[in-house]
Amino acid sequence: MKITFPHMGSTYIAIKALFDDLGVETVVPPKCSKKTLELGTKYAPELICLPLKINLGNYIESIERGADTIVITGSCGPCRFGYYSEVQREILKDLGYDAEIVVLEVPDGDIPEFYRRVGKVANTKNPIKIVKSLKGAMTVLKKLNEFEEKVLQQRPYEIQRGDVDQLYHGLLTKLGKSTGAREMIQHIDWATNRFHEIPMDRGREVLRVGIVGEIYTVIDDFSNLEIGKKLNDMGVAVHKSHTAGEWITDVVYYRSIGTSGEKHIWDAAAPYMKVGIGGHGRETIGNTVRYADQGYDGVIQVMPFTCMPEIVAMSTLPKVQEERDIPVLSLIIDEMTGEAGYLTRLEAYIDLLRNRREKNKQAMGS
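Quick look at the structure, then. These figures come from a predicted structure and were not determined experimentally.

**Quick notes on the overall build of the protein**
Looking only at helices and strands, one finds 15 helices and eight strands in the protein. Relative to its full complement of 366 residues, the protein shows a buried share of 51%. For the protein, long-range pairs separated by at least 24 residues make up 73% of all intrachain contacts whose partners lie at least 6 apart in sequence. Across the protein, the 46 positively charged side chains and the 50 negatively charged ones have centroids separated by 3 Å.

**Digging into the sheet that holds strand S3 (residues 69-73)**
Taken together, the four strands give an open sheet; going across it, the order is S2-S1-S3-S4, and neighbouring strands pair in parallel fashion. Looking at which strands have only one partner, the edges of the open sheet turn out to be strand S2 (25-26) and strand S4 (100-104). Pairing of strand S1 (residues 2-4) with S2 involves two bridges; the strand directions are parallel. In the strand pairing of S2, Ile 3 is matched with Thr 26.

**Observations regarding the pairing of strand S8 (residues 328-333)**
The buried count for S8 comes to five of six residues, which makes it a mostly enclosed element. Sheet topology note: the strand S7 (residues 298-304)/S8 ladder contains six bridges and is parallel. Residue pairing for S8: Met 303 is matched across the bridge by Ile 332. Crossover connection from S7 via helix H14 (residues 308-324) to parallel S8: handedness right-handed.

**Describing the nonpolar core**
Note on soluble globular proteins: their nonpolar side chains tend to be buried together. Formed by 71 residues in total, the largest nonpolar core has its most connected members in Leu 231 and Ile 300. With nine residues, helix H6 (residues 127-154) is the single largest residue contributor to this core. Residue contacts for Ile 300: discarding those within four places in its chain leaves Val 209, Gly 210, Ile 211, Val 212, Ile 227, Leu 231, Leu 329, Leu 331, Leu 346 and Tyr 349.

**Some words on the sheet that holds S8**
The strand order across the open sheet formed by four strands is S6-S5-S7-S8, and the pairing between neighbours is parallel. Edge positions in the sheet fall to strand S6 (236-240) and S8, since each has one partner strand and no second. Between one strand and the next, the sheet's axes are offset by a mean angle of 25 degrees, whatever the strand orientation. Examined bridge by bridge, strand S5 (residues 207-213) and S7 share five bridges and lie parallel to one another.

**Examining the pattern of salt bridges**
Counted by the stated rule, this structure contains 19 salt bridges. Close ionic contact of Arg 155 with Asp 165 constitutes a salt bridge, the shortest N to O distance being 2.4 Å. Here the residue Arg 155 occupies a position in the loop between H6 and helix H7 (163-176), and Asp 165 occupies one in helix H7, the gap between them amounting to 10 residues. Of the two residues examined, Arg 155 and Asp 165, each falls in the buried class. Each of the salt bridges in this network shares a partner with another, and the network as a whole consists of Arg 155, Asp 165, Lys 229 and Asp 233.

**A closer look at the packing of helix H2 (residues 34-43) against helix H3 (residues 50-63)**
Contact geometry of H2 with H3 gives a least axis separation of 7 Å together with a crossing angle of 110 degrees. The orientation of H2 relative to H3 falls into the category roughly perpendicular. Contacts between H2 and H3 pair Lys 35, Thr 36, Leu 37, Leu 39, Gly 40, Thr 41 and Tyr 43 from the former with Leu 50, Lys 53, Ile 54, Leu 56, Gly 57, Asn 58, Ile 60 and Glu 61 from the latter.

**Overview of the packing of aromatic side chains**
Two aromatic rings, taken as a pair, are described by how far apart their centres are and by the angle between their planes. Per the counting criterion, the structure on display carries three aromatic pairs. Taking the centre distance of 5.7 Å and the plane angle of 85 degrees together, the rings of Phe 147 and Phe 195 count as edge-to-face. Of the two residues, Phe 147 sits in helix H6 while Phe 195 sits in helix H8 (residues 181-195), which places them 48 residues apart along the sequence. Of the two residues, Phe 147 and Phe 195, neither departs from the other in class, the shared state being buried. An aromatic cluster is built from Phe 147, Tyr 168 and Phe 195, whose rings are joined through pairwise contacts. Over the aromatic face of Tyr 157 sits the side chain of Arg 202, whose NZ or CZ is 5.5 Å from the ring centroid. Seen from the ring of Trp 266, Arg 282 lies directly overhead, with NZ or CZ sitting 4.1 Å from the centre.

**Quick word on the pairing of S5**
The buried count for S5 comes to six of seven residues, which makes it a mostly enclosed element. In this sheet, S6 lies alongside S5 in parallel orientation, the contact comprising five bridges. Paired with Gly 210 across the two strands is His 239, which belongs to S6.

Reading the values: rules and limits
- The residue numbering used here restarts from 1 in each chain and proceeds along that chain's sequence as written.
- Totals for whole chains, interfaces and linings use every residue, but because this is a predicted model, local features are given only for residues with pLDDT of at least 70 and side-chain atom pairs only at 80 or more, for both listing and counting.
- Each side-chain value is derived from all of the structure's non-hydrogen atoms; neither hydrogens nor water enter the calculation.
- A helix here means a DSSP run of H or I that spans at least four residues, while a strand means a run of E at least two residues long, and both kinds are numbered starting from the N terminus.
- Burial classes follow relative accessibility: with a 1.4 Å probe on protein chains only, a residue under 20% of its type's maximum area counts as buried, one over 50% as exposed, and anything between as partly exposed.
- Here a residue-residue contact requires only that any non-hydrogen atoms of the pair lie within 4.5 Å.
- A positive count includes Lys and Arg, and a negative count includes Asp and Glu. His and the chain ends are not counted in either.
- By convention, the point assigned to a charge is CZ for Arg, NZ for Lys, CD for Glu and CG for Asp.
- Note on pairing: DSSP must find at least two bridges between two strands before they are called paired.
- Think of it like this: strands point away, you trace from the first strand over the helix to the second, and a clockwise trace means the crossover is right-handed.
- Definition used in this section: a nonpolar core is a set of buried Ala, Val, Leu, Ile, Met, Phe, Trp, Tyr and Cys residues joined via side-chain atoms within 4.5 Å.
- An axis is simply a line fitted to the C-alpha atoms; with a helix, the fit covers only the stretch in contact. Between two such axes, the angle follows the N-to-C directions and lies from 0 to 180 degrees.
- Salt bridges are defined as contacts in which a side-chain nitrogen from Lys or Arg sits within 4 Å of a carboxyl oxygen from Asp or Glu.
- Roughly parallel covers angles under 35 degrees, roughly antiparallel covers those over 145, roughly perpendicular covers 65 to 115, and oblique covers all other angles.
- Here the aromatic set is Phe, Tyr and Trp, taking the six-membered ring for Trp, and pairing holds for ring centres within 6.5 Å; pairs whose planes are under 30 degrees apart are stacked, those over 60 apart are edge-to-face, and all others are tilted.
- Both a distance and an angle decide whether a charge sits over a ring: NZ of Lys or CZ of Arg must be within 6 Å of the ring centre and within 35 degrees of the ring normal.

As structure tokens, this is what we get:
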């Protein structure tokens, strides 16, 4: 058995750590590229959302490198993610690819059942080994998410441009060559310590922008055209509202005890959206409210074309923008999105935020 999985942001690193420690051979999908997207777009339904197309391209590239089993998570509710596996299974079958798709469905609070499903993929019934491997992978994911958050928050302050990128990309290279969680954690800890040595200009005036929207396009830099890096280069500190680690913790832990780690976000969204609408639509509203309360200069919503939950959220955001006094920019992304036009919209939005901050300063000084 050779397992592959989606290349969603840097989550592939933690997934590799999990299967390394379980003794299962993996085929890590190549870094998402124009070729990946073209493959997925060619064979996927035309109006399906962008993440499915990219994932499909991931699987085809991995199968051609020897993978025979695809592991993905499952979902339910009014979001098309819930039937990704069935659509992709039929497409791959029609293309003549003989690959098994294993879906790790959300365990509905039954953690032992979740462990059993992981053990089935890894061909082991040893609960200690499964729990230890899952714990190691989650530690990798949590530490890496924290490091990436630090990059997006601190890169605009670096004195020598490129220092942060050099450290970050060097870390990713080391992690890609590592085996197992223990070795990966050592590399992340080393890079985190080195980060504090990078010279920073803390007196530099930097805007703060929160990124909300559909979880895949928020997390995955290829699909969002590296929005975090682009904003950092414009002198903007960025905070992403979603991380893979938080999502997994919520699904596996909080829901098992009958609650949610996102309840505080739902509470913030309640004046505008009282119920879940699928995907992360309600979280988009709640996080926008929270960013406004925390004094952020602006919020950017990123979403795949035809994403129903985010379309509903987008129709609600103007009211949030007006009542919470925070400018919101919505960016819809698909395989036809051009980088030049995308960048122009970002630059115009950041100019608006700078002018707004300057006017507020003048008003407070008069």
